[in-house]
Amino acid sequence: MTRSTKQVIGQFLTEAVEEARKKLDMDVIPPIYFELPKEKSHGDISSNISFLIASKLGIPSTKVADTILENLVSKIQQSPLFNKVEAAGGGFINFFLNPGAFYPVLLQIDEEGEKYGCSDVGGGRKVLVEFVSANPTGPLHIGHARNAAVGDVLANILRACGFDVNREYYLNDVGSQVEALGKSLKSRYMQLLGEREVDVEYKGEYLVELSRELFEKGERQYKDRGVEFFANYAVKRIREGIEKDLEDFGVFFDCWFSEENLHSSGSIRKAVSLLEEKGLVEFREGAKWLKSTEFADEKDRVVIRSDGSPTYLAADIAYHYRKFNDGSDRLINVWGADHHGYIPRLKAVIEGLGFSPDALDIVLIQLVKLRRSGKPVSMSTRAGEFVTLREVIDEVGKDSMRFFMLMRRSNAQLDFDLELAKRQSMENPVYYVQYAHARICSLLSFADENGLRLRKAKDVQCELLREKEELDLIKVLSFFPEVVEGSARSLEPHRLTGYLQRLASSFHNFYDRLRVVGEEEEKALARLALVKAAQITLQNGLRLLGISAPEKM
RNA sequence: GCGCCCGUAGCUCAGUGGAUAGAGCGGCGGCCUCCGGAGCCGAAGGCCAGAGGUUCGAAUCCUCCCGGGCGCGCCA
């Protein structure tokens with residue numbers, strides 16, 4: 001049903017409850033909200049308001065329901081939207097709608113087109129989504145892929161809901177890891193020049209390739225260059241690789257923010273002294289500590305080491321200060337779940353800086369347990385034997401991989417067997433959804449070839465759509481905006497993949513039982529308009545997921 | 001030891017405090033003279049890890065407990 005239909009129901013029920021309130025001698029009404037019954041016999045939409053009132057007043061819920069119903073029936077009868085309303089299940093109030101209540105959604109989809117599903121609940125508020133942010137010390141692996149997919153789709157969804165979204169990658173291009181990377185590359189390079197083997201911390205094949213690259217460029221000429229040179233070279237080249245991998249995965253950023261920039265610009269000193277001025281920093285044991293225990297953290301944290309250098313947290317203070325100062329109203333950080341222990345101190349930082357800790361949401365991405373033919377595969381960057389994002393894209397394809405990564409709650413671990421994904425690729429849910437779209441395209445062109453010209457939904461006799469498959473499909477189509485909104489509110493993109501499977505299922509069902517071409521013309525045209533609406537909705541959903549909607553497969 | 005996440009069908013997982021807990025895969029049985037069979041339909045499969053509690057109502061919230069994963073640095 002469309003938003004306006006829901007508003008009418010809400011208004012009727014509110015009025016009826018208000019009248020019941022007087023009769024039952026109650027002062028305040030609990031908030032009224034609706035739910036969609038799972039069971040068809042429970043109507044199209046229902047309310048549990050009677051239970052809430054009953055428990056407040058200590059009277060039977062059936063009595064409350066009856067009282068509300070008395071006032072409701074007359075209103076219902078005046079409106080063509082309703083078939084009937086009843087009290088059932090000990091107090092639920094169930095509304096049964098006429099098919100006519102659902103048809104307006106077809107007009108809405110037709111009018112809104114690719115905007116169907118969008119809303120303005122975000123009110124133009126500025127949101128910064130920071131995701132992936134993998135250290136540039138090696139190629140992205142499968143775990144980063146999940147982070148990338150979730151962050152990207154969250155950003156898409158929030159944008160569709162009227163937020164002003166920016167996507168950002170925080171590049172940790174300084175520090176001990178980068179130094180170790182430089183040392184490792186230098187060792188590889190020296191090996192090529194015939195030096196004896198030394199300890200290499202990053203053992204991946206990619207560094208061997210980079211060293212060859214350097215050798216081909218200048219043979220022995222980098223022999224006397226310092227570790228910093230090799231570190232810079234490695235970071236630059238690895239970052240380019242990461243960028244390319246993400247591009248092929250359909251993920252783009254508005255900004256790649258360099259940690260080095262925070263160090264060289266003096267932002268870190270500034271941010272730390274701001275906290276000092278607020279009395280939130282303490283000098284102790286030769287170091288500067290953030291008194292994060294004054295907020296919700298379990299212990300204080302070092303921000304400036306005894307050697308005077310800033311910690312990672314110090315950089316994060318400056319980084320998040322900048323995020324807010326650049327005008328973001330809200331921050332979303334997508335992190336690997338192994339960083340969850342870091343949340344309280346970052347929230348403390350934000351509170352210390354004078355912002356609300358609620359303005360930061362952290363979406364944790366649980367581990368992807370990768371298997372190859374059932375055998376666990378290590379994913380440590382340093383072990384040098386991991387399965388990269390690149391390999392998996394090449395193996396199972398971007399669309400399939402994105403869908404897979406988005407099918408489960410980010411909060412739960414994900415089992416991903418490469419052989420299985422390959423073997424089952426033809427039965428992968430993404431194909432099921434895409435197939436529905438391809439089928440529609442094929443059907444639309446077949447209809448056109450047979451002289452059936454697609455009409456605007458408003459010029460079609462919707463009331464001819466009375467079969468249960470048709471009504472079911474229309475109803476599912478009508479949920480789409482709420483699903484998008486719900487995903488945005490809960491920051492759970494997996495709801496969208498679930499919805500698209502449901503939508504595809506409804507369409508396949510419709511398609512299998514009913515025909516379009518060959519029916520009496522007006523009915524065929526009405527069905528054609530319905531099919532078109534399904535196509536638009538599938539396209540919109542797939543677009544949000546960053547997955548293609550192929551016309552042929 | 002302390003903290004966070006997860007335990008739901010044989011497997012992988014959905015499930016805003018609501019009514020008879022769902023889907024896909026696997027297995028079983030059906031459906032192509034027909035717009036794409038990468039599809040559709042049907043049956044089977046469950047003590048929602050376990051025990052208490054809150055509630056008119058709990059897979060969902062609270063406490064405890066058992067299993068699995070991950071964290072508890074002047075690393076990043």
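All of these numbers come straight from a predicted model, not from anything done at the bench. (Residues numbered from 1 in each chain as written. Chains lettered and ligands numbered in written order. Predicted model: local features only at pLDDT ≥ 70, side-chain atom pairs only at ≥ 80, totals over all residues. Heavy atoms only, no water.)

A. Spatial organisation of the overall build of chain A. What chain A contains, in helices and strands, is 19 helices and 15 strands. Principal axes of the C-alpha set define a box for chain A whose edges measure 90 × 65 × 40 Å. In chain A, buried positions account for 53% of the 553 residues. Pairs at least 24 apart in sequence give 72% of the contacts found in chain A among residues at least 6 apart. Roughly 25,500 Å² of accessible area belongs to chain A as shown, and the carbon and sulfur atoms make up 47% of that amount. One finds the centroid of the 75 positive side-chain charges in chain A at a distance of 1 Å from the centroid of its 83 negative side-chain charges. (Helix = DSSP H or I, 4+ residues; strand = E, 2+ residues; numbered from the N terminus. Buried < 20%, exposed > 50% of the residue type's maximum accessible area, 1.4 Å probe, protein only. Contact = heavy atoms within 4.5 Å. Areas by Shrake-Rupley, 256 points an atom, 1.4 Å probe, with all protein chains shown as cover. Lys, Arg positive; Asp, Glu negative; His and termini not counted. Charge placed at Lys NZ, Arg CZ, Asp CG, Glu CD.)

B. Here's a closer look at the layout of surface pockets. There is about 1,200 Å³ of room inside the largest pocket. For the largest pocket, the lining is made up of 44 residues, of which Ser133, Ala134, Asn135, Asp338 and His339 are closest to its centre. Listing elements by their share of the lining of the largest pocket, those giving two or more residues are helix 5 (142–160), helix 6 (176–192), helix 9 (259–264), helix 11 (312–325) and strand 11 (330–336). With four residues, the single largest contributor to the lining of the largest pocket is strand 11. Residues of the lining of the largest pocket, tallied by class, amount to 16 nonpolar, 22 polar and six charged. Approximately 650 Å³ is the volume attributed to the second largest pocket. If you go around the second largest pocket, you meet 26 residues; those closest to its centre are Lys40, Asp44, Lys475, Phe479 and Arg502. For the lining of the second largest pocket, the secondary structure elements donating two or more residues are strand 4 (92–97), helix 17 (468–490) and helix 18 (494–513). No other element matches the nine residues that helix 17 contributes to the lining of the second largest pocket. (1 Å grid on protein atoms, 1.4 Å probe; cavity = no way out; pocket = protein on both sides within 12 Å on 5 of 7 lines; lining within 4 Å. Points joined across faces, edges and corners; volume = space filled by probe spheres on them. Nonpolar A, V, L, I, M, F, W, Y, C, P; charged D, E, K, R; others polar.)

C. Representation of empty space enclosed by the protein. Within the structure shown, the criterion is met by one cavity of 30 Å³ or more. Put simply, the largest cavity is a space of about 40 Å³. Together, Met1, Lys6, Leu36, Ile45, Phe479 and Glu482 line the largest cavity.

D. The arrangement of the protein's contact with RNA strand B in detail. If you check the shell around RNA strand B, you find 59 residues, and the closest are Arg305, Tyr432, Arg439, Leu514 and Arg515. A breakdown of the atoms of RNA strand B within 4 Å of the protein gives sugar and phosphate a share of 63%. Within the side chain of Asp512, an N or O atom sits 3.3 Å from a sugar or linking oxygen of RNA strand B. For the surface near RNA strand B, the secondary structure elements donating two or more residues are helix 2 (49–57), strand 4, helix 6, strand 15 (414–417), helix 16 (429–449) and helix 18. A total of eight residues in the surface near RNA strand B trace back to one element, the largest contributor, which is helix 16. (Near = heavy atom within 4 Å. Polar contact = N/O pair within 3.5 Å; in protein donor to acceptor, adjacent residues only side chain to side chain.)

E. View of the domain arrangement of chain A. Per the domain assignment, the segments of chain A are domain 1 (3–101), domain 2 (176–240) and domain 3 (426–545). Taken over C-alpha atoms, the centre of domain 2 sits 54 Å from the centre of domain 3. (Domains from an automatic or database assignment.)

F. Expanded view of the environment of Tyr432. The residue Tyr432 is located in helix 16 in this model. Judged by its relative accessible area of 35%, Tyr432 is partly exposed. Expressed as a C-alpha distance, the spacing of Tyr432 and Glu195, which sit 237 residues apart in the sequence, is 56 Å. Look past the residues within four positions of Tyr432 in its chain and what remains in contact with it is Gln501, Ala504, Ser505 and His508.

G. View of helix 17. Over its 23 residues, helix 17 extends 32 Å from the first C-alpha to the last, a length consistent with the 33 Å expected when each residue adds 1.5 Å. If you look at helix 17, its biggest bend is around 35 degrees, right at Phe480, and the proline Pro481 turns up within four residues after that. Where burial is concerned, most of helix 17 is hidden: 17 out of the 23 residues are buried. (Expected span 1.5 Å × (residues − 1). Bend = angle between axes of the 7 residues up to and from the residue.)

H. Structural detail: the packing of aromatic side chains. On inspection of all chains with the given rule, the structure shows 23 aromatic pairs. When the ring of Tyr169 is compared with that of Trp256, the centres are 4.3 Å apart and the planes differ by 20 degrees; the resulting orientation is stacked. Of this pair, Tyr169 sits in strand 6 (residues 164–171) while Trp256 sits in strand 7 (residues 255–258), placing them 87 residues apart in sequence. In this structure, Tyr169 and Trp256 share a single accessibility class: buried. On the basis of an interplanar angle of 35 degrees and a centroid distance of 5.5 Å, the ring pair of Phe480 and Tyr499 is categorised as tilted. Taken together, the residues span a long stretch of sequence, with Phe480 in helix 17 and Tyr499 in helix 18 at a distance of 19 residues. The same class applies to Phe480 as to Tyr499, namely buried. Site record: aromatic cluster; members linked through ring pairs are Phe12, Phe34, Phe82 and Phe95. The ring of Phe96 has Lys84 sitting right over it, with the charged end atom 4.6 Å from the ring centre. (Phe/Tyr/Trp six-rings, centres within 6.5 Å; stacked < 30°, edge-to-face > 60°. Lys NZ or Arg CZ within 6 Å of the ring centre and 35° of its normal.)

I. Representation of the sheet that holds strand 8 (residues 281–284). Spatially, three strands are ordered 8-9-10 in an open sheet, and the strand pairing comes out antiparallel. The sheet terminates laterally at strand 8 and strand 10 (301–304), the two strands that pair on one side only. Averaged over all neighbouring strand pairs, the angle between strand axes comes to 45 degrees, with direction disregarded. As defined by bridge partners, strand 9 (residues 287–290) adjoins strand 10 across three bridges and the pair is classed as antiparallel. Its bridge partner being in strand 10, Leu290 is matched across the sheet by Arg301. Packing against the sheet, helix 11 makes contact with strand 9 and strand 10, and its axis sits at approximately 75 degrees to strand 10. (Pairing = 2+ DSSP bridges. Axes fitted to C-alpha atoms, helices over the stretch in contact; angles between N-to-C directions.)

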